[in-house]
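Take a look at the letters that make up each chain.
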Amino acid sequence: SQSEIRNYLPKVFSDGFVDDEKAEIDETVEATLREAEFQFVNGNYSAVEALAENAFLRKKFVFPFVYEHSLYTMLFERYLDDMGRKPSQAEAALAKFSAWHGANPHSGFAAAVHARALHSAGYAYRGTSDARNVTAEGWKQLKLYEQSALDLYKQSSIDHSGHWYWRQSYFDIAITDFRGEA
């Protein structure tokens, strides 16, 4: 149903921002999202990647300024956001996506998700408090994981810099400014 799909949309779309009369997700996209969720929950990340890649080729809008392929990438991003609240959860997510990338080294999508998992782990160690309340260890871990994410992007740039999700993820992480330590 439409309400289930909203669980995977950015907050601005899930709070009634979208007029349901004008922006219905068609049944095909809804069914594919359910399949993607099933595959994701069962750890078949390559199947979700394939769905995202196919959707990217169609370049179909499902909401104003939201392409269908973005809905699939949000599965990974929201999962990492949720897992990034505690270091132990972030480390578990990182292990999953590192293994997936290791098994699929030629996948730009897997490389980008792995780098995002590193990024999320860094922020899990930093915590959610104001910068002035972040511990020295929190800043240290954030820098370590952020640098690891950037290093992964640099190492994979020859093979993956043309990939749409790799470019989007690299931009998101490259603009991170973590110079606010005390």
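Quick look at the structure, then. Per chain, residue numbering runs from 1 following the sequence as it is written. Selection of residues for local features in this predicted model requires a pLDDT of at least 70, selection of side-chain atom pairs for listing and counting requires 80 or more, and totals for whole chains, interfaces and linings are taken over all residues. For the side-chain quantities, the full set of heavy atoms in the structure was used; hydrogens and water were omitted.

1. Details of the environment of Met83
No. 1: Numbering of helices and strands runs from the N terminus; a helix is a DSSP stretch of H or I covering at least four residues, while a strand is a stretch of E covering at least two. Here Met83 lies in helix α5 (residues 68-83).
No. 2: As for Met83 and Ser120, which are separated by 37 residues in sequence, their C-alpha atoms are 8.0 Å apart.
No. 3: Note on contacts: a residue pair is in contact if any heavy atoms of the two residues lie within 4.5 Å. Not counting residues up to four positions away in its chain, the partners in contact with Met83 are Gln89, Ala90 and Ala93.

2. A few points about the pattern of salt bridges
As a working rule, side chains carrying opposite charge can pair if their charged atoms are close by.
No. 1: Should a side-chain nitrogen of Lys or Arg be within 4 Å of a carboxyl oxygen of Asp or Glu, the pair is scored as a salt bridge. Applying the stated criterion to the full structure yields 2 salt bridges.
No. 2: In this structure, Glu77 and Arg116 form a salt bridge, with 3.8 Å as the shortest nitrogen-oxygen distance. Here Glu77 is found in helix α5, whereas its partner Arg116 is found in helix α7 (residues 108-126), with 39 residues between them in sequence.
No. 3: Relative accessible area decides the class of each residue, using a 1.4 Å probe on protein chains only: under 20% of the type maximum gives buried, over 50% gives exposed, and in between gives partly exposed. For Glu77, a relative accessible area of 17% translates into the label buried.
No. 4: Among the ionic pairs, Arg132 bridges to Asp130, the shortest N-O distance being 3.2 Å.

3. Some thoughts on the packing of α7 against helix α8 (residues 136-160)
Relative orientation and spacing of two packed helices are given, respectively, by the angle between their axes and the distance between those axes.
No. 1: Axis definition: a line fit to C-alpha positions, over the contact stretch in the case of helices; interaxial angles, taken between N-to-C directions, run 0 to 180 degrees. Orientation of α7 relative to α8, taken along the N-to-C sense of each, is 170 degrees, at an axis distance of 7 Å. Relative to α8, α7 is oriented roughly antiparallel.
No. 2: Amino acids are sorted into nonpolar (Ala, Val, Leu, Ile, Met, Phe, Trp, Tyr, Cys and Pro), charged (Asp, Glu, Lys and Arg) and polar (every other residue, Gly among them). Within the contact of α7 with α8, the residues separate by chemical class into 13 nonpolar, 9 polar and 3 charged. Each angle is binned into one of four classes, with values under 35 degrees roughly parallel, values over 145 roughly antiparallel, values of 65 to 115 roughly perpendicular, and all other values oblique.

4. Describing the packing of aromatic side chains
No. 1: Pairing of aromatic side chains here covers Phe, Tyr and the six-membered ring of Trp, requires ring centres within 6.5 Å, and sorts the geometry by plane angle: under 30 degrees stacked, over 60 edge-to-face, intermediate tilted. Taken as a whole, this structure holds 19 aromatic pairs when the rule is applied.
No. 2: On the basis of an interplanar angle of 10 degrees and a centroid distance of 5.5 Å, the ring pair of Tyr125 and Tyr145 is categorised as stacked. Here Tyr145 lies in helix α8 and Tyr125 lies in helix α7, a separation of 20 residues in the sequence.
No. 3: In this structure Tyr125 comes out as partly exposed when scored by relative accessible area, which is 29%.
No. 4: Aromatic rings pair up to connect Phe40, Tyr45, Phe56, Phe76, Tyr79, Phe97, Trp100, Phe109, Trp164 and Tyr165 into one cluster.

5. Overview of the nonpolar core
The nonpolar side chains of a soluble globular protein tend to be buried with one another.
No. 1: To form a nonpolar core, buried Ala, Val, Leu, Ile, Met, Phe, Trp, Tyr and Cys residues must be joined to one another through side-chain atoms within 4.5 Å. In this structure, Phe40, Tyr72, Phe76, Phe97, Trp100 and Phe109 are the most contacted members of the largest nonpolar core, which totals 43 residues.
No. 2: Listing elements by their share of this core, those giving two or more residues are α3 (27-41), α4 (45-58), α5, α6 (87-103), α7, α8 and α9 (164-174).
No. 3: The leading source of residues in this core is α7, at 10 residues.

6. With respect to the side chain of His101
No. 1: Tracing the sequence through the fold places His101 in helix α6.
No. 2: Look past the residues within four positions of His101 in its chain and what remains in contact with it is Ser107, Ala110, Ala111, His114 and Leu152.

7. Some words on the packing of α5 against α9
No. 1: Where α5 contacts α9, the two axes come as close as 12 Å, and the packing angle between them is 55 degrees. The angle between α5 and α9 places the two elements in the oblique class. Classified by chirality, the crossing of α9 by α5 is right-handed. Across the interface between the two elements, His69, Thr73 and Glu77 from α5 touch Trp164, Tyr165 and Gln168 from α9.
No. 2: Of the residues contributing to the contact of α5 with α9, the split by class is 2 nonpolar, 3 polar and 1 charged. Crossing handedness: left-handed means the near helix sits turned counterclockwise from the far one by under a right angle, and right-handed means the same turn made clockwise.

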